[in-house]
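A closer look at the structure
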Amino acid sequence: MTQLLLSKDLQKYMKKHEHVFLKVHSVFKDAMNIIDDKGNLVTLVSPNKDIAPMSAQVSLGSIPNQHLESGELVEIDGDTLLFPRLNIKLNFKDHEIWNPDYQKRKTDLSMNQLESRVMALKDLIETHGQLEGIVELIKYLDFSVPGIVSTSVKQDLNQYADFIEERVLKVLNLVYEGNYELLKEFIPRFVGFGPGLTPSTDDFLLGLIISHIYERRKRGELMKDIYSQISKVVESTEEKTTKVSVEMLKHGVRGKVSESYRLAVQAMFYDVKASFSKTCIRVLQNGSTSGSDYLFGVYCYAQLRLKWYREGGI
Amino acid sequence: MGLESFQKDLISQEVDAVQMNWRPVAGGNPKMIALLNRLKG
Amino acid sequence: MLISKEIKNIDGVTEVLVGMGTELNIELTENLGLMGPEMKDVSPNDFFIAADLDSDETMALVIEQVTQLLSQKKAESGSDYQPVSIAGALDIMPSANLAVVSIPGQYAEEEVSKLLDNDLHVMLFSDNVSVEAELFLKKKAVEKGLLMMGPDCGTAIINGIPLAFANKVKRGPIGIVGASGTGTQEVSALIDTFGSGVSQVIGTGGRDLKSEIGGLMMIQGMQALMADPETKVIVLISKPPAPEVAQKILNMVGETQKPVVVDFIGGDAQMITNAGAHPCSTLEDAALKAVALARGERPVDSDGFTVDESRVNAWIEDAVGKLKADQVNLRGLYTGGTLADEAMKLLGSSIGGIYSNIPLSPEYELKDLNNLSGHVCLDLGEDQFTVGRPHPMIDPSTRSDRFETDIDGTVAVCLIDVVIGYGSHEDPAGEVAQSIKAVKDKLAKEDKSIVVIASITGTEDDPQGLEASQKSLEDEGVIVLPSNAQAVRLTKEIMNRLPKS
């Protein structure tokens, strides 16, 4: 029986707040979100699901999901989580700790290797991904010309891709130019769009951000204050997108994502042992459009990276 | 369309197979079905 | 997979948008002309469905489908999503070229018609489909050059993949078109056992060779095999067809250079020989002849055993030795109808009349299924045994129950089939072995034992494994023969040595 995982930041949170009262935020088949009065989300997932920041894997079989009500009281007491109405206690003291923080990998990639990864990723997304959302744009983006453009013709795109196309191009051009000031202003007009329970543009942004952090950091070019500014912007988007997304992006700008998402980015930008296509396929099969949108973001960042190299020798 | 065990057996052999969630039109109500069929012409 | 496109494929839906109530998603809703007054109350953490459709019923269906999608948030193994419509299924898998249909018969005609319209071959497992519907669908399929296997078709192996109730058989040069499920399984499995393999195994459904249908699928299947470069030998399996249909099919033998083996189980052998094809006496015989022809050898009539003669004699001596004087009856408990039929035909009148629910002649029809006497051979897959229960190949408990009620101190030999492979129970041999143990324990109290003779229809590559299944049975003292024909022959030898009842 594999060990159940507890995210380090959640462990810290539970230790810090001796006794906290929270409420059930949302309940799904394999996951549940709980929210405290400061708006922090704590997530419980079933053991077969990805571990993520502020999450813990629990045998959800021990919790009758269908009987929990949104807004219902939950208590955290030391290393125990309690559902008072149903009198169910979850204990985390035997959990294995998972660290969501940035993890360096030693070996770097050459530009040639990155280029073949990029081609492979595009292929994987087109074969195994959800192209019914914004990811359809992957077929039409052209990074080879000055100013990233789309070669699509009106009737090519589904309604989501069609709507968001211009804004995706804008985001990519701003990142390419390094114009983070304008990017910051633009983010509130970009988040919260697309089908699914986590809007596509949010997952796309996450892909861009995590790739940015992981790829830059190995070059010693971490832009800490840019990230913290973006973080503030993200926090201000509470009105524009879902709570779950905002939390996900807040962790994201600190370089923290779920295990499978992290593995995919590491496999993309480092020379790691893990099979590149396996890690990507695992992400692509991860819940509705989220995985595809995320990898689409990773793909776009990688294309930008190659572009910087081609055009600026960086 | 129908018994899920047939699809599961195919998946176990690594054959691509999609299981449909088939239900009779109009909840199987024969009168409704006849009406709908007349509408389709 | 939360995709608007899939919901859009539901009949009656013109346009639909699903998503969280974020500013941009609402903007898109506006752009698509799907706004409604309710949208002003929607917040980013609310999930909405905005649709342009024809009725409240359709909206209810849309909501149900979306709810199903929402509650199926993914496990790692990929999509659990089950599309409601054929168009939706084709969206997910545009490369699909075959559909397996097992819905209630009265709905099958319309669905299969749609599938054929979409250029899919169909395997129709459903029964209770009218003759008119079958004719309509088969004509359509023939027109479009598609297969419509069924109705009541339970066995096919296409491109090496077993469909529904079928075995994992090695690939090879022998192509089969079969109107009988377990008959086809027995022949294909034996081809594997005898060292060869199959190219394609096409089912036609049980009624194909009746005059109303005219053998449309058998002809279609045969033409396909005639043109298939991988197929070097063709085998046709069916209960005796209507005479004019048999003639139509046999006429095609002249149109091909490939050798054709025809098993019209118990039918007119002369007619087959006249047509230039090879007739057979049993399903095993069909398999053996096909394998010989595939090897370029002359096919010989098979009779007797492929097991060492000394072993066979030992079995016979042992059996006759341990049976008491009042043990004179045969009990055949079969899950496969064709195998039960073959057993009764092979036994003929040599042991006396055999009562059955599928008797060879009307005077031997079993009136009372609960009070058996004399020789009995049952097809437990027939309707009277499957009311409200799954077929005994899937659920062995029907046969287990019959072991208890049908085996008494007057029984000498119990003859059974054990069908493994896809679709079958996960361990039919194990289940039968348990029943046999229980029966033997019960009879031991009367100081009696019975002889149980079985054949296993299946291959080593089947999930249950031929060898493992054989071991389960032999561990319980069951005599296992390589084919139904041989199991029946051994039964005949033993029965004939016993005092007549």
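**Digging into the overall build of chain A**
- From N to C terminus, chain A includes ten helices and eleven strands.
- Put simply, chain A has 314 residues, and 45% of those count as buried.
- Across chain A, the fraction of contacts at a sequence separation of at least 24, relative to all contacts at a separation of at least 6, is 66%.

**Some words on the overall build of chain B**
- If you tally the helices and strands in chain B, you get two helices and zero strands.
- Residue burial in chain B is summarised as follows: out of 41 residues, 20% are buried.

**Here we look at the sheet that holds strand S13 (residues 329-334) of chain C**
Residues and elements named next belong to chain C.
- Reading across from one edge, S14-S15-S13-S16-S17-S18 is the order of the six strands in this open sheet, with parallel pairing throughout. Two strands lie at the open edges of the sheet, namely strand S14 (354-355) and strand S18 (479-481), each paired on one side alone.
- Pairing analysis gives three bridges linking strand S17 (residues 451-457) to S18, with the strands arranged parallel. Within the sheet, the bridge partner assigned to Ala454 lies in S18 and is Val480.

**A short note on the interface of chain B and chain C**
- Facing 14 residues of chain B, the contacting portion of chain C comprises 18 residues.
- Tallied by class, residues from the side of chain B that touches chain C come to eight nonpolar, four polar and two charged.

**Comments concerning the nonpolar core**
- Leu295(A), Val122(C), Met123(C), Val235(C) and Ala290(C) are the most contacted members of the largest nonpolar core, which totals 228 residues.
- What Val122(C) contacts, discounting residues up to four positions off in sequence, is Ala99(C), Val101(C), Val112(C), Leu115(C), Leu116(C), Leu147(C), Met148(C) and Met149(C).

**Focus on the packing of helix H6 (residues 224-235) of chain A against helix H7 (residues 243-252) of chain A**
All names here are of chain A.
- Between H6 and H7, whose axes approach to 9 Å, the crossing angle comes to 175 degrees. By the angle between their axes, H6 is roughly antiparallel relative to H7. Contact with H6, carried on its side by Ser231, Val234 and Glu235, involves Val246, Leu249 and Lys250 of H7 and no other residues of that element.
- Residues that form the contact of H6 with H7 fall into these classes: three nonpolar, one polar and two charged.

**So, the confidence of the model for chain B**
- Taken as a whole, chain B shows an average pLDDT of 73; of its residues, 59% reach a score of 70 or greater.
- Scoring the predicted complex yields pTM 0.59 and, for the interface, ipTM 0.82.

**Notes on the sheet that holds strand S5 (residues 148-149) of chain C**
Residues and elements named next belong to chain C.
- Here three strands make up an open sheet; going across it, the order is S3-S4-S5 and the pairing parallel. Strand pairing shows two members of the sheet lacking a second neighbour, strand S3 (98-101) and S5, which therefore form its edges.
- Relative to strand S4 (residues 121-124), S3 runs parallel, the two being bridged by four bridges. In the strand pairing of S4, Val100 is matched with Met123.

**Considering unusual backbone geometry**
Residue and element names in this part refer to chain C.
- Cis geometry is found at the peptide bond from Gly150 to Pro151, where omega equals -5 degrees.
- As for its position among the elements, Pro151 is in the loop between S5 and strand S6 (155-158).
- Positive phi, normally seen in glycine, also occurs at Asn159, with a value near 50 degrees.

**Focus: helix H2 (residues 23-31) of chain C**
- Of all the positions in H2(C), only Leu24(C), Asn25(C), Ile26(C) and Leu28(C) are classed as buried.
- Residues of H2(C) that are buried in the fold lie against helix H3 (159-177) of chain A together with strand S1 (13-20) of chain C.
- Just downstream of H2(C), Gly33(C) is the residue with a positive phi angle, here 70 degrees.

**Considerations on the pairing of strand S8 (residues 88-91) of chain A**
Residues and elements named next belong to chain A.
- In the sheet, strand S7 (residues 80-83) pairs with S8 via four bridges, with the strands oriented antiparallel. The residue bridging Leu82 from the neighbouring strand is Lys89, located in S8.
- Where S7 hands over to S8, the hairpin turn is made up of four residues, of which Asn87 adopts a positive phi near 55 degrees.

**Details of the environment of Val122(C)**
- As for its position among the elements, Val122(C) is in strand S4.
- For the pair Val122(C) and Leu147(C), spaced 25 residues apart in the sequence, the C-alpha separation amounts to 6.1 Å.

**What to know about the pairing of S4(C)**
Residues and elements named next belong to chain C.
- Neither face of S4 is exposed, since His121 and Met123 on one face and Val122 and Leu124 on the opposite face are all buried.
- Running through helix H5 (residues 105-117), the crossover from S3 to the neighbouring parallel element S4 is right-handed.
- Bridge count between S4 and S5: two bridges; the pairing is parallel. Pairing of Val122 across the sheet is with Met148, part of S5.

**Regarding helix H8 (residues 216-227) of chain C**
- In a regular helix each residue adds 1.5 Å, so twelve residues correspond to 16 Å; H8(C) covers 17 Å between its end C-alpha atoms and thus fits that length.
- Buried-residue contacts for H8(C) involve helix H6 (131-144), S5, strand S8 (171-178), strand S9 (198-203), strand S10 (233-237) and helix H9 (243-253) of chain C.

**Quick look at the packing of helix H13 (residues 337-347) of chain C against helix H17 (residues 484-497) of chain C**
Residue and element names in this part refer to chain C.
- The interhelical angle for the contact between H13 and H17, taken along N-to-C directions, is 40 degrees, at an axis separation of 10 Å. The orientation of H13 with respect to H17, classified from their angle, is oblique. Relative to H17, H13 is oriented so that their crossing is right-handed. Note on element contacts: H17 touches H13 through Asn484, Ala485, Val488 and Lys492, opposite Leu339, Glu342, Ala343, Leu346 and Leu347.
- Considering only residue class, the contact of H13 with H17 consists of six nonpolar, one polar and two charged.

**A word on the environment of Ile234(C)**
All names here are of chain C.
- Secondary-structure assignment places Ile234 in strand S10.
- Assessed through the 27 C-beta atoms surrounding it within 10 Å, Ile234 is described here as buried.
- Every residue in contact with Ile234, bar those within four places of it in the chain, is listed here: Gly175, Met222, Leu225, Lys258 and Val260.

About the cut-offs
Residues numbered from 1 in each chain as written. Chains lettered and ligands numbered in written order. Predicted model: local features only at pLDDT ≥ 70, side-chain atom pairs only at ≥ 80, totals over all residues. Helix = DSSP H or I, 4+ residues; strand = E, 2+ residues; numbered from the N terminus. Buried ≥ 20, exposed ≤ 12 C-beta atoms within 10 Å, placed from the backbone. Contact = placed C-beta atoms within 7 Å. Pairing = 2+ DSSP bridges. Nonpolar A, V, L, I, M, F, W, Y, C, P; charged D, E, K, R; others polar. Core = buried A, V, L, I, M, F, W, Y, C linked by C-beta atoms within 7 Å. Axes fitted to C-alpha atoms, helices over the stretch in contact; angles between N-to-C directions. Parallel < 35°, antiparallel > 145°, perpendicular 65-115°, else oblique. pLDDT = per-residue confidence, 0-100. Right-handed = clockwise from strand over helix to strand, strands pointing away. Expected span 1.5 Å × (residues − 1). Left-handed = near helix turned anticlockwise from the far one by under 90°.

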